[in-house]
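Summary of the model geometry
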Amino acid sequence: MGCGTSIATETQGKKVETDEAVVKTTPALTMKAAVLIQRWYRRYMARLEMRRRYTWNIFQSIEYAGEQDQLQLSSFFSFMLDNFTQLSGNGPDLISQLLDPVVDPWLERETCYSLISVPDSYAGPRLSFPLSVSDMTVLLSAFKEQQVPNTSKSAPSHTCACLRLVLFSSTQTLHARYVLQLLYETKKLLKQMPNIIHLSTSYIHEITICGDLHGRLDDLLLIFYKNGLPSADTPYVFNGDFVDRGKKSIEVVIVLFAYLLLYPDYVHLNRGNHEDHIMNLRYGFTKEVMQKYKAHGHEILRLIQDIFSLLPLATVIDGKILIVHGGISDQTDLDFLGSIERHKVKSALRFPRRSLEELDLGQSYRKAKRMRPSGGSRPSSSRNQSKNQKTPTLRKRRHDVRRQDSNGSCSSSSSSSSSTSSICSPRTPSSLSPHPCLSPPSTPYTVNVLQVPFLDSLSSVPHPEPPQHEQEWKQIVDILWSDPKTQEGCSPNTFRGGGCYFGPDTTQRLLLQHGLQLLIRSHECKQEGYELCHGGQVITIFSASNYYEEGSNRGAYIKLGRELVPRFYQYQVSRTTRKLTLNQRVRAAEGSAFRALKEKLFSHRSELMAGFQQHDQNNTGCVSLSEWAQVLESVLRLDLPWRTLRPQLTRLTPDGSVEYQSCFEDMGPGISLPQVTPNLAETLFRYRTDIEIIFNIIDKDHSGLISTEEFRQTWRLFSAHLGVDIDDRAIDDLARSIDFNKDGSIDFTEFLEAFRVVHKLDSKDTHLSGKIDKEKC
């Protein structure tokens, strides 16, 4: 008892002493603790912000590299179509199907859609023309119901996935008969509209301006929910890029066109750089339409192609605010832009015709000097980026170019009084004469040569006076493709591949010339959905949230009243991100960005290894950190902070050297094909998307199957595009290896799957999760 009492008394005494110590804590100690907590939190948030910024830079650099690839491929197509009658028997014939399609007489009949019957089993919306508000209500309801319904929580995950797939495939889209009629009515209306739409706020309360949507139907519906449906009281301007990348592009287009027909005075659509049938081949819209409308997909695409070319190019509000999709150049002339025949430019990627004879290239080209660009600084736009980071003007392909000197370079990013903006020209095979990249400004030239940017070289040829149609083409390219930069002047937008970088002085000059006070544009994804630059005279608005990855960015729209003061409204379509912390959101986006970056590394493995081994003369497998970063930048040309990204990409040795082979450890090919040589396999990995585009041109019915002979034709075009020789026997062996059932046809989906970069860690996680799902069942 005594012992027990003694222990209890001692414990109580200690407790009292502790409580007194807490009570007697001084204000200085409290302040010190608060400062320590604040310092830790600030460092934590700074690290998160750093990760968020380099993740953003990875996504954006890879996106722009893909756009430049598309521009170069399109330039090659134009070159082949303009200057060669045959390429191994089929070249330009195949390309002309894409660039200069033959008009279908059936489509020319205005009532051709009435010949399509709608079966009684069709359960989707039925539209009547002219459209009414009730038609739009039915249409929007039908599209909302296309979202995959929730399944029982008790169902196994693999069962849920299968059920979702069945439900999604069975959802009703708008019948092709109504789609065609809607497109015909839209085309008829757009033919009557001017190139530049002029609006006034004197008769309306506010105008809402939306940026890129990129096939995100959820974002469009959320805007309507927050801001109101289009009407006389709620007018809208949609500033281009309605399609591509997202999975609901055709639904977005249908909704916008339908509201345009319903309220032609209160819904306005500007053209974007993705309202282009050649861009649609690469970024998904063509494939989406053909999958959803197999029987009438070609007719729908042909009409949409015409409609895209008829979309207005700009909108002006109260004579004070100019709205264009991309931007401007130092040669942009709104009066000239308003007078051109916009419908003639079906694609900004289809260069105006100019034959070799017109340019007298034969002698000039043989004498022209060639060089590899040494690299210029990437203009600092409104993005968060270092002004001192260096990037080349054109992405590097080492295998087919000799290093020589040249006096001129189209790739300089220094400020100049006269822009030479253009779209990157083709990778021209050595056996073919070059076709010039066009630079058709409407103002007098300061240089009397045509700068021809090839993939790794430049050639100068005599520059004739550009004809009218080339000047018109260039005006449209600059409006659709340009980006702002913080430096003065106007220079070619070589990082994206088309249009210009325009500085504050270019903006100021255009605004003063036309009595404007503000330029609103889109074209660039922004983390907060909008951004101001050039002293507040340029606003970028982007309305597709979660553009790169779930939680990567917000969407936004602008509202303008009679006082013309812009007000910004942000949002984010979220299914899962609300439940995640900021750290978890950043980690998810960061993981996706690094997976894409590692695929880039894998597809350039031989070039990277060759670069590393030049610095590793003793074959130690290690190089210094600076050498490692230098090789990555010189090969990939992505303008990224490689030293910061190093911990996520490779390992260090105890002495601080980089084990460069560890860059490729956790990646491998999709399906092993023993008949494919390593060099050919890497070529396939790297240019997988380009091959798919060429294949889609050949696969007229989009069945996913082509004959072995068509497969060889694909390779003839592809090898000419790259300017490299690929052994015919290797191609024949490859064709036989992927003709699995030996019926003479190749399933191109399986072919592409074989040449997909697989992340081994992801494969293990997928395999493990599959096992867990089976055990749960």
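Computed from a prediction, not measured in an experiment: that's the story for all the values here. (Residues numbered from 1 in each chain as written. Predicted model: local features only at pLDDT ≥ 70, side-chain atom pairs only at ≥ 80, totals over all residues. Heavy atoms only, no water.)

This paragraph deals with the overall build of the protein. Assigned secondary structure in the protein consists of 27 helices and 25 strands. For the protein, long-range pairs separated by at least 24 residues make up 75% of all intrachain contacts whose partners lie at least 6 apart in sequence. When the accessible surface of the protein is summed, it comes to about 34,700 Å², and 52% of that surface belongs to carbon and sulfur atoms. (Helix = DSSP H or I, 4+ residues; strand = E, 2+ residues; numbered from the N terminus. Contact = heavy atoms within 4.5 Å. Areas by Shrake-Rupley, 256 points an atom, 1.4 Å probe, with all protein chains shown as cover.)

The next point concerns the sheet that holds strand β11 (residues 483–484). Strands sit in the order β11-β13-β12 across an open sheet of three strands; the sheet is mixed. With partners counted over all chains shown, the strands left at the sheet margins are β11 and β12 (490–492), one partner each. (Pairing = 2+ DSSP bridges.)

A few words now on the nonpolar core. Counting residues in each nonpolar core, the largest one holds 78 residues, and the members touching the most others are Phe-238 and Ile-520. The dominant element in this core, judged by the number of residues it contributes, is helix α9 (residues 249–262), at eleven residues. Sequence-distant contacts of Phe-238, that is, excluding residues within four places in its chain, are made with Cys-210, Leu-213, Leu-220, Phe-224, Leu-256, Val-267, His-268, Leu-269 and Asn-270. Among the nonpolar cores identified, the runner-up in size contains 34 residues, and Tyr-547, Ala-589, Val-631 and Val-658 belong to it. (Core = buried A, V, L, I, M, F, W, Y, C linked by side-chain atoms within 4.5 Å. Buried < 20%, exposed > 50% of the residue type's maximum accessible area, 1.4 Å probe, protein only.)

The mixed open sheet is built from five strands, whose spatial order is β4-β3-β2-β17-β18. The sheet is open, and its two borders are formed by β4 (267–269) and β18 (567–571), each paired with just one other strand. Averaged over all adjacent pairs, the angle separating strand axes in this sheet is 20°, with direction ignored. Note: strand β17 (residues 555–560) against β18, five bridges, orientation antiparallel. Bridge pairing in β18 links Lys-559 to Arg-567. In the packing of α9 onto the sheet, the strands contacted are β3 (236–238) and β4, and the crossing angle to β4 comes to about 130°. (Axes fitted to C-alpha atoms, helices over the stretch in contact; angles between N-to-C directions.)

Further remarks concern unusual backbone geometry. The omega angle of the peptide bond from Phe-129 to Pro-130 is 0°, so this bond is cis rather than trans. The residue Pro-130 is located in the loop between α4 (105–108) and α5 (133–144) in this model. We note that His-214 has phi near 50°; this positive angle belongs to a residue other than glycine. The residue His-214 is located in the loop between β2 (207–210) and α8 (217–227) in this model. A positive phi angle, close to 55°, is found at Asn-546, a residue other than glycine. Looking at the element boundaries, Asn-546 is found in the loop between β16 (538–541) and β17. The class of Asn-546 is buried, set by a relative accessible area of 11%.

Contact pair helix α20 (residues 625–636) / helix α21 (residues 642–649): the axes reach a minimum separation of 10 Å and the direction vectors enclose 100°. In terms of orientation, α20 and α21 fall into the roughly perpendicular class. Of the residues in α21, those touching α20 at Leu-625, Ser-626, Trp-628, Ala-629, Leu-632, Glu-633 and Leu-636 are Trp-642, Arg-643, Arg-646 and Leu-649. (Parallel < 35°, antiparallel > 145°, perpendicular 65-115°, else oblique.)

In the predicted model, the protein carries a mean pLDDT of 75, and 64% of its residues have values of at least 70. Within the model, the stretch residues 425–462 combines pLDDT values under 50 with 148 contacts to residues more than four positions away or in other chains. Note on residues 763–777: pLDDT under 50 across the span, and five contacts to partners over four residues away in sequence or across chains. (pLDDT = per-residue confidence, 0-100.)

Attention shifts here to the environment of Ser-75. Within the element layout of this structure, Ser-75 appears in helix α2 (residues 27–83). Judged by relative accessible area, Ser-75 falls into the buried class, the value being 2%. Counting along the chain gives 276 residues from Ser-75 to Phe-351, while the straight-line C-alpha distance between them is 7.0 Å.

Tracing the backbone through its elements, the reader meets Asn-553 in the loop between β16 and β17. In this structure Asn-553 comes out as buried when scored by relative accessible area, which is 1%. There is a polar contact of 3.0 Å between the side chain of Asn-553 and the side chain of Ser-552. Apart from the residues lying within four places of it in its own chain, the contact partners of Asn-553 are Trp-56, Cys-525, Lys-526, Gln-527, Phe-542, Ala-544, Ser-545, Asn-546, Tyr-547, Tyr-548 and Gln-572. (Polar contact = N/O pair within 3.5 Å; in protein donor to acceptor, adjacent residues only side chain to side chain.)

The subject of this paragraph is the packing of aromatic side chains. Taken as a whole, this structure holds 15 aromatic pairs when the rule is applied. Measuring from centroid to centroid gives 5.9 Å for Tyr-54 and Phe-594, while their planes differ by 70°, and the two rings are edge-to-face. Of the two residues, Tyr-54 sits in helix α2 while Phe-594 sits in helix α18 (residues 582–603), which places them 540 residues apart along the sequence. The residues Tyr-54 and Phe-594 share a single accessibility class, namely buried. Ring plane angle 70° and centroid distance 5.7 Å describe the contact between Phe-224 and Tyr-259, whose orientation is recorded as edge-to-face. A residue pair is termed long-range when its members are at least 10 positions apart, and Phe-224 in helix α8 and Tyr-259 in helix α9 qualify at 35 residues. (Phe/Tyr/Trp six-rings, centres within 6.5 Å; stacked < 30°, edge-to-face > 60°.)

The final tally for this structure, using the stated rule, is 24 salt bridges. Taking the shortest distance from any N to any O, the salt bridge between Glu-67 and Arg-245 comes out at 4.0 Å. Placement of Glu-67 in helix α2 and of Arg-245 in the loop between β3 and α9 is noted, with a sequence separation of 178 residues between them. On the basis of relative accessible area, Glu-67 is assigned to the buried category, the value being 2%. Residue Arg-245 is classed as partly exposed on the basis of its relative accessible area of 30%. The shortest N-O distance in the salt bridge between Glu-524 and Lys-526 comes to 3.9 Å. Judged by relative accessible area, Lys-526 falls into the buried class, the value being 3%. (Salt bridge = Lys/Arg side-chain N within 4 Å of Asp/Glu carboxyl O.)

Moving on, we come to the packing of α8 against α9. Contact geometry of α8 with α9 gives a least axis separation of 9 Å together with a crossing angle of 35°. Remark: the crossing between α8 and α9 carries left-handed chirality. Residue-level inspection shows Leu-217, Leu-220 and Phe-224 of α8 in contact with α9, the latter providing Glu-251, Val-252, Val-255, Leu-256 and Tyr-259. In terms of residue class, the contact of α8 with α9 is built from seven nonpolar, no polar and one charged. (Left-handed = near helix turned anticlockwise from the far one by under 90°. Nonpolar A, V, L, I, M, F, W, Y, C, P; charged D, E, K, R; others polar.)

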